[in-house]
Amino acid sequence: PRSRKNAQLATEIADQARQAGHRVTAQAIAESAEALLPDGPQADAELVTLADLYWKLGLSQRASALASRVSHPVGQIDALTRAFNPTRGETQPELSFVTF
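Residues numbered from 1 in each chain as written. Predicted model: local features only at pLDDT ≥ 70, side-chain atom pairs only at ≥ 80, totals over all residues. Heavy atoms only, no water.

1. What about the nonpolar core?
Counting residues in each nonpolar core, the largest one holds 23 residues, and the members touching the most others are Ala30, Leu37, Leu50, Leu53, Tyr54, Leu57 and Leu66. Residue contributions to this core peak at seven residues, all from helix 3 (residues 44-56). (Core = buried A, V, L, I, M, F, W, Y, C linked by side-chain atoms within 4.5 Å. Buried < 20%, exposed > 50% of the residue type's maximum accessible area, 1.4 Å probe, protein only. Helix = DSSP H or I, 4+ residues; strand = E, 2+ residues; numbered from the N terminus.)

Okay, here's the thing in C-alpha cells:
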C-alpha cells in the first residue's frame with residue numbers, strides 16, 4: 001500500500017542495491033518506492049531522499065522531476081542542490097601505492 005513508511009523502506013533497499021553495485025536493480029526498486037509515495041506535502045522528505053538517490057544513480061532528469069514535486073521551496077532547493085555533492089556521507093576510495 002502507498003505510505004511514507006513503505007516508500008522509505010523501498011528507498012533504503014534501493015540505496016543498498018546501489019552501494020552494492022546493482023545499478024539496474026536499484027533503479028527498479030527506486031521506481032517502486034516512487035509509486036509507493038503518498039500525494040501531497042506529507043511525502044516531501046521522502047521525495048528529497050528519493051531525488052538524492054536518483055542523483056547518485058546518475059538519473060538527473062528523474063531527480064529534477066522529483067525535486068519539482070516537493071511542496072516546500074526549501075525542500076525543492078535541498079533536493080536540487082544535492083546533485084552538487086552526491087557523495088556526501090559516503091567514504092571515498094583512497095588511492096594507495098603498493099609495491100609488488
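2. Some words on helix 1 (residues 4-19)
Turn by turn, an α-helix covers 3.6 residues, leaving residues three or four places apart pointing in a common direction. Taking 1.5 Å per residue, 16 residues should reach 22 Å; helix 1 reaches 22 Å between its end C-alpha atoms and fits that length. When helix 1 is considered as a whole, its buried residues turn out to be Ala7, Ala10, Thr11, Ala14, Asp15, Ala17 and Arg18. Around the axis of helix 1, the buried residues are gathered within 155° of arc, so they sit on the same side. Opposite its buried face, helix 1 presents the exposed residues Lys5, Gln16 and Gln19, each directed more than 90 degrees away. Structurally, helix 1 contributes buried residues whose contacts are with helix 2 (23-36) and helix 3. Note on helix 1: the residue one or two positions beyond its end, glycine 21, has a positive phi of about 90°. (Expected span 1.5 Å × (residues − 1). Arc of directions from axis to C-beta. Contact = heavy atoms within 4.5 Å.)

Spatial relationships are all this shows, so hold off on functional conclusions.
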